[in-house]
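# Summary of structural features
Letter by letter, the chains look like this.
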Amino acid sequence: MTGLAPHATPGRFTLACRAVRVVATAVVVLVPGVLAGLAHASLCGRSSGRRYVYRRLTALLTALGPAFVKAGQVLGTRRDVLPAALCDELSVLQDAVPPPGPAQTRRALAEAYAADPALTGPDGVFAEIDERPVAGGSVACVHRGVLATGEQVAIKVRRPDVDRVMARDLALVRAASRLVARLPMLRGVPVAAVVEDMCAAVHGQLDLAREADGLARLRDNLAVVPRVRVPKVYAHASRPRCVVMEFIPELDVRTAAACPPATRRRLAASALTAIYQMLFVDGFVHCDLHPGNLYFTRDGQVVVLDAGFSVRLSERLRRLFAEFFLNMSVGRGSRCAEIVVESAAGTRPGADLDGFLDRMADLVERSHGLPAREFSLVAFATEMFALQRAHGVHAAPELIFPLLSLLVIEGTIRDLDPGIDFQETARPVLNRGLFGAR
């Protein structure tokens, strides 16, 4: 049971009213932005003009609300089909939602625990709950509490009505995508598939029962990686609308900057190894490791939170992903190029596969020759996706989303240890994933 009604269809009148508001907001925000972008392009060049328009687009998504923000965040990962500059802008989208007041918090908790005789008190699930959120976003907020059995916990509870709001706006996104897909400039681009994958990813973040299972899975999987901690889930206290987990105090995004160099290098190695363990060994990947979900402690631990945006790789794709990195680490460009084609979701009519294979092999061989400090996963992936778009090779979303976990974290890892070798660090984990017992 998840407490969700996936793909619930809102009424036509509701959708029509919301569509009018969306179009009106789009006109108000985008039309002046496009005109200003043209002026920027004439004064500062086309690239500057495009970036200005992309920034206005992100402002529009923020104005339209949580579903559109989440959709933009997920679309920002699709560098295989969208321009890199647009993805850069989408990747910094933030939920601009005010924290709930006490009345909203009480309502959310009452909905989550409606079937329980009591929420707090001698016979309740909790001894106490702090109604002031310690963290929050458009989907859920986190409150500190104490279980009836005495454990300090973090209570992540879904906002009231968020499922109805998301269902309405995602229905609009799907309808709009069907219209956009007919544009001549997008012929051959898998618009419907990309949007459906995006909507599924956004909708999945509403499913807190799924997130609880994901956190428990990550905790078990990453137990083999030294100095990595995933909070324990208290399944008996969790509900379909609420995840109750171990409370980890004093988490601060600034902690790593104050650690000595040796500790910072250990943190970098542990965080990178954890991601490789997900990608190459377990095949269950946390795809949203931005600084709000990845913390470092003074005693040298890496803390992973919020498994709402996670992907399960098929065994075939897990092995292909691992084979790609293994061959990349030794400079076998031809095999890497073949793996990209093997794992692709498809190709557009008239795709130039021979051209792609040659240029992809060259990219791997050039990258293999770079010193560790000069190799950039973001630069590598950006060029790879540009080659895919140019030659008509459509990447599988099951691989794009996990690859995001590496791209998102690269800057954090480099800040901790500028000299870390991404490819060399991967070798022992790749060997476990391809040749060892899992």
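Structure: see above.
Residues numbered from 1 in each chain as written. Predicted model: local features only at pLDDT ≥ 70, side-chain atom pairs only at ≥ 80, totals over all residues. Heavy atoms only, no water.

### Quick word on the packing of helix H10 (residues 315-329) against helix H15 (residues 422-435)
Going by this rule: Axis lines are fitted to C-alpha atoms, over the contacting stretch for helices. Their N-to-C directions set the angle, which ranges from 0 to 180 degrees. Think of it this way: any DSSP run of H or I at least four residues long counts as a helix, any run of E at least two long counts as a strand, and we number them from the N terminus. Geometric relationships in this document are graded by angle, where less than 35 degrees denotes roughly parallel, more than 145 denotes roughly antiparallel, 65 to 115 denotes roughly perpendicular, and other angles denote oblique. Crossing handedness is read from the near helix: turned anticlockwise from the far helix by less than a right angle, it gives a left-handed crossing, and turned clockwise, a right-handed one. Throughout, a contact is declared for two residues whenever any of their heavy atoms are within 4.5 Å.
As a packed pair, H10 and H15 sit with axes 9 Å apart at the nearest point and diverge in direction by 140°. On the basis of their axis angle, the class for H10 and H15 is oblique. Here H10 runs over H15; the crossing is left-handed. Touching Arg318, Arg319, Ala322, Glu323, Phe325, Leu326, Met328 and Ser329 of H10 are Gln423, Arg427, Leu430, Gly433, Leu434 and Phe435, all from H15.

### As for the pairing of strand S3 (residues 152-158)
Filter applied, for reference: Classification of residues uses two cut-offs on accessible area relative to the type maximum, computed with a 1.4 Å probe and protein chains only: under 20% is buried, over 50% is exposed, and between them is partly exposed. A pair of strands counts as paired when DSSP detects no fewer than two bridges linking them.
Burial analysis of S3 places six of its seven residues in the buried class, the great majority of the element. Note: strand S2 (residues 140-147) against S3, seven bridges, orientation antiparallel. Within the sheet, the bridge partner assigned to Ala140 lies in S3 and is Arg158. Count of turn residues in the S2/S3 antiparallel hairpin: four residues, of which Gly150 carries a positive phi of about 105°. Pairing analysis gives five bridges linking S3 to strand S5 (residues 242-246), with the strands arranged antiparallel. By the bridge assignment, Ile155 is partnered in S5 with Val244.

### Some words on a nonpolar patch on the surface
Put simply, the test is: Surface patches are defined over residues having more than 30% relative accessible area and no salt bridge, joining like charges when they lie within 9 Å and nonpolar side chains (Val, Leu, Ile, Met, Phe, Trp, Tyr) when within 5 Å. The Shrake-Rupley method, run with a 1.4 Å probe sphere, supplies the accessible areas, and residue values consider only the shown protein chains as cover. Within this document, salt bridges are pairs made up of a side-chain nitrogen of Lys or Arg and a carboxyl oxygen of Asp or Glu, the two lying within 4 Å of each other.
Judged by side-chain polarity, Val23, Val27, Val31, Val34, Leu35 and Leu38 come together as a nonpolar surface patch covering roughly 530 Å² of accessible area. Along the polypeptide, Val34 turns up in helix H1 (residues 12-44). The exposure class of Val34 is partly exposed, given its relative accessible area of 38%.

### A word on the packing of aromatic side chains
So the rule is basically this: Ring geometry is summarised as follows: Phe, Tyr and Trp rings, the Trp one being its six-membered ring, pair when their centres sit within 6.5 Å, and such pairs are stacked at plane angles under 30 degrees, edge-to-face over 60 and tilted between the two.
Applying the stated rule across the entire model yields eight aromatic pairs. Ring centres of Phe324 and Phe325 lie 6.0 Å apart, and the angle between their planes is 70°; on these two criteria the pair is classed as edge-to-face. Using a relative accessible area of 8% as the deciding quantity, one classes Phe325 as buried. Geometrically, the ring pair formed by Phe375 and Phe380 is tilted, given 6.2 Å between the ring centres and 50° between the ring planes. In terms of burial, Phe375 and Phe380 fall into one category: buried.

### Some thoughts on the packing of helix H9 (residues 261-282) against H10
The geometry of H9 relative to H10 is characterised by a closest axis approach of 7 Å and an angle of 120° between their N-to-C directions. Compared by their axis directions, H9 and H10 come out oblique. Between H9 and H10, the contacting residues are Leu279, Phe280, Val281 and Asp282 on the first element and Arg318, Phe321, Ala322 and Phe325 on the second.

### Comments concerning the environment of Leu208
With respect to the helices, strands and loops of the structure, Leu208 is situated in helix H8 (residues 208-221). In the structure, Leu208 is positioned 33 residues away from Arg241 in sequence and 5.7 Å away in space, judged by C-alpha atoms. Not counting residues within four places of it along the chain, the set of residues in contact with Leu208 comprises Lys156, Val157, Arg158, Pro240, Arg241, Cys242 and Val243.

### Topic: the sheet that holds strand S1 (residues 126-136)
Pairing between sheet strands relies on hydrogen bonds along the backbone, with the strands arranged either parallel or antiparallel. One open sheet accounts for four strands, arranged S1-S2-S3-S5; its pairing is antiparallel. The two strands at the open ends of the sheet, each matched to only one other strand, are S1 and S5. Averaged over all pairs of adjacent strands, the angle between their axes in this sheet comes to 30°, without regard to strand direction. Most of the contacts of helix H5 (residues 102-112) go to S3, to which it runs at about 90°, and overall it touches S1, S2, S3 and S5. Contacts from H8 reach S3 and S5, with the element oriented near 25° to S5.

### A few points about the sheet that holds strand S4 (residues 228-229)
Reading across the sheet, the three strands line up as S4-S8-S7 and stay open at both edges, with mixed pairing between neighbours. Strand pairing shows two members of the sheet lacking a second neighbour, S4 and strand S7 (294-296), which therefore form its edges. The pairing of S7 with strand S8 (residues 302-304) spans three bridges and is classified as antiparallel. By the bridge assignment, Phe296 is partnered in S8 with Val302. Across the sheet, H9 lies against S4, S7 and S8, angled at about 35° from S8, the strand it touches most.

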